[in-house]
Amino acid sequence: MFEQVAHFIGGQPVAEGKIFPAYDPVTGVVVRQVHEADRSVVDRAVAAARQAAPGWAALPVAERARWMRRLADGIEARFDDLVAVEIADTGKPVEQTRTLDIPRGAANFRAFAEIAAQRPDSAFHLPGVLSYTVRRPMGVVAVVVPWNLPFLLMTWKLGPALVAGNTVVVKPSENTPGSAALLAEICADIGLPPGVLNVVHGYGPAGQLLVEHEGVDAVTFTGSTRTGATIMKSVADRVKPVSFELGGKNAGLVFADVDLDKAVDGCVRSVFTNGGQVCLCTERLYVERLIFEEFCARLAERAGSVTPQPMISAEHREKVLSYYELAKSEGAQIHTGGGVPQFGDARDGGYFVEPTVISGLPATSRVNTEEIFGPICHVTPFDTEAEAVALANDSDYGLAATVWTSNLDRAHRVAQRLEAGLVWVNTWYLRDLRTPFGGVKLSGIGREGGTQSLDFYSEPTTITIKLEQPDE
Ligand code: 6OD
């Protein structure tokens, strides 16, 4: 499916622009030929979104919510196709794709349909004065999506952006164009009004043309801190609102009072899910010294039996391997991994690296300070709770953290001291879509989730009326 990927503009496929290849990360073989958007394609996509905007915004929210449910139905009807497309683009495990990535796509549309339809307006009374707020959509939103959870993160933004009354132009990653192309097809099949959702493909320059386009009113982006900063600079002159979920260097704190089996299980998930290519993955583990040796041994043993997942691209694999080499050159203890697995089959052409557990590096090592985005974690011992919190907070990033403890007081105390937008206790990546989601420090700006998403994707106007009192 989709050997040739076209843009989707005004409800129609548009096969224009140079062609570039997208590769299967499992084998390194080209799976798709994708059209790259140039300025004229981006102009047309933004124009289509602008043209559709007034009609879409004028619909009652209940009607837009109905469209969101139809989109969710459409996703469920094409479930197997979406699974296949996402796996071909990312090399994800089938189980994860079937239980997380694609179901979350439908859930994202259903959840925001519900949240928006039930959202009360606010009104404030004083004697003789009534103030109330109406919210309007921003207009056209640029939705720039990364390659690690392409469908999940695209729909996470589209659900609230569309139900709030905006029209959108989506730019998926050049590595993972398939699920956006299929969603466009679903939109056409269900008869979503043309221009409400548009998709343009390409590399960074296509994204740049889109975000700085004068017809785009707001930008939502998930990806690296460096790209987030570039977008922010390029939209500064027009003071466009941005919502960014950026990099992380997430810490996990493991206390000796924990059920060790559960903590090791949880850390295996938090470090190695999706080959470590989730912004929420743990890359720094801090473990109470009393259990440090045993924890490292158990984690390494379990990591050794994790099925490797490919990195998204040859380039990204080079980046991850460069950190493996840096760790070795700095004298890290390698508990497991540190290299490239050999399969003796077609996967040897893919972009795999070994799940890796290391220790022994100083906090200042780049292995401990920079986001690697691969299946690797560094483990450091600590002696006191205060030291653990200080080590975890000693980072430029602050997206997510995990705390592993059986002590309830400690769980709350530590969770409240961690400088992170999200803290999980004795679990990881358990999501309630109504909660605010995002990071502090270099990990982002703004929060999406629940009503916070609807706040970002709309602007309030406060109307204040003086109420004359009749003479009595
Ligand atoms: O689950 C979500 O809603 C979410 N925003 C996940 C982000 C993962 C980043 O890689």
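Residues numbered from 1 in each chain as written. Predicted model: local features only at pLDDT ≥ 70, side-chain atom pairs only at ≥ 80, totals over all residues. Heavy atoms only, no water.

Peer 1: Where do I start with the site of the ligand in this structure?
Peer 2: Around the ligand sit Arg104, Asn148, Leu149, Leu152, Leu153, Trp156, Glu245, Val278, Cys279, Tyr429, Arg431 and Phe437, and that is every residue in its neighbourhood. In the model, a nitrogen atom of the ligand is placed 3.5 Å from a nitrogen or oxygen of the Glu245 side chain. Burial of the ligand by the protein chains amounts to 100% of its free accessible area of 310 Å². In terms of residue count, the dominant contributor to the shell around the ligand is helix H5 (residues 150-163) (three residues). Classifying every residue of the shell around the ligand gives eight nonpolar, one polar and three charged. (Near = heavy atom within 4 Å. Polar contact = N/O pair within 3.5 Å; in protein donor to acceptor, adjacent residues only side chain to side chain. Areas by Shrake-Rupley, 256 points an atom, 1.4 Å probe, with all protein chains shown as cover. Helix = DSSP H or I, 4+ residues; strand = E, 2+ residues; numbered from the N terminus. Nonpolar A, V, L, I, M, F, W, Y, C, P; charged D, E, K, R; others polar.)

Peer 1: Explain the sheet that holds strand E5 (residues 30-35) to me, please; I cannot follow it from the model alone.
Peer 2: Backbone hydrogen bonds hold the strands of a sheet together, and the pairing may be parallel or antiparallel. An order of E1-E5-E4 is seen for the three strands of this open sheet, with the pairing classed as mixed. Looking at strand neighbours, the two that pair on one side only are strand E1 (4-5) and strand E4 (19-23), the edges of this open sheet. Two strands pair when backbone bridges link them, and E1 and E5 are joined in this way by two bridges, in the parallel orientation. When the sheet's bridge partners are listed, Val5 is paired in E5 with Val34. Running at roughly 100° to E5, helix H3 (residues 79-90) makes contact with E4 and E5 of the sheet. (Pairing = 2+ DSSP bridges. Contact = heavy atoms within 4.5 Å. Axes fitted to C-alpha atoms, helices over the stretch in contact; angles between N-to-C directions.)

Peer 1: Help me understand unusual backbone geometry, please; the structure alone is not making it clear to me.
Peer 2: One can expect most non-glycine residues to show negative phi and most peptide bonds to be in trans. Phi angles above zero are rare outside glycine, and Asn274 is one such case at about 60°. Located in the positive-phi region is Tyr429, a residue other than glycine, with phi close to 50°. Assignment of secondary structure puts Tyr429 in the loop between strand E20 (422-425) and strand E21 (440-441).

Peer 1: What exactly am I supposed to notice about the sheet that holds strand E19 (residues 400-404) here?
Peer 2: The sheet built from seven strands is open, its strands ordered E15-E16-E17-E14-E13-E19-E20 with mixed pairing. Strands with a single pairing partner mark the edges of an open sheet, and in this sheet they are strand E15 (333-336) and E20. Pairwise comparison of adjacent strand axes, ignoring direction, gives a mean angle of 25° for this sheet. Taken together, the four bridges between strand E13 (residues 250-254) and E19 define a ladder with parallel strand orientation. Residue pairing in the sheet places Gly252 in a bridge with Thr402 of E19.

Peer 1: I tried to follow the environment of Ala411 on my own but got confused; where do I start?
Peer 2: Position of Ala411 among the secondary structure elements: in helix H14 (residues 408-417). Relative accessible area serves as the criterion here: at 8%, Ala411 is assigned to the buried category. Separated by 303 residues in the primary sequence, Ala411 and Asn108 place their C-alpha atoms 30 Å from one another. Here Ala411 is in contact with Thr405 and Val425, once residues within four sequence places are set aside. (Buried < 20%, exposed > 50% of the residue type's maximum accessible area, 1.4 Å probe, protein only.)

Peer 1: It is not clear to me how the environment of Tyr203 should be interpreted in this structure. Could you clarify?
Peer 2: Within the fold, Tyr203 resides in the loop between strand E10 (197-199) and helix H7 (204-211). We classify Tyr203 as partly exposed; its relative accessible area is 31%. Measuring from C-alpha to C-alpha, the distance between Tyr203 and Ala37 comes to 8.6 Å, with 166 residues separating the pair along the chain.

Keep in mind that these numbers describe shape and distance, not what the molecule does.
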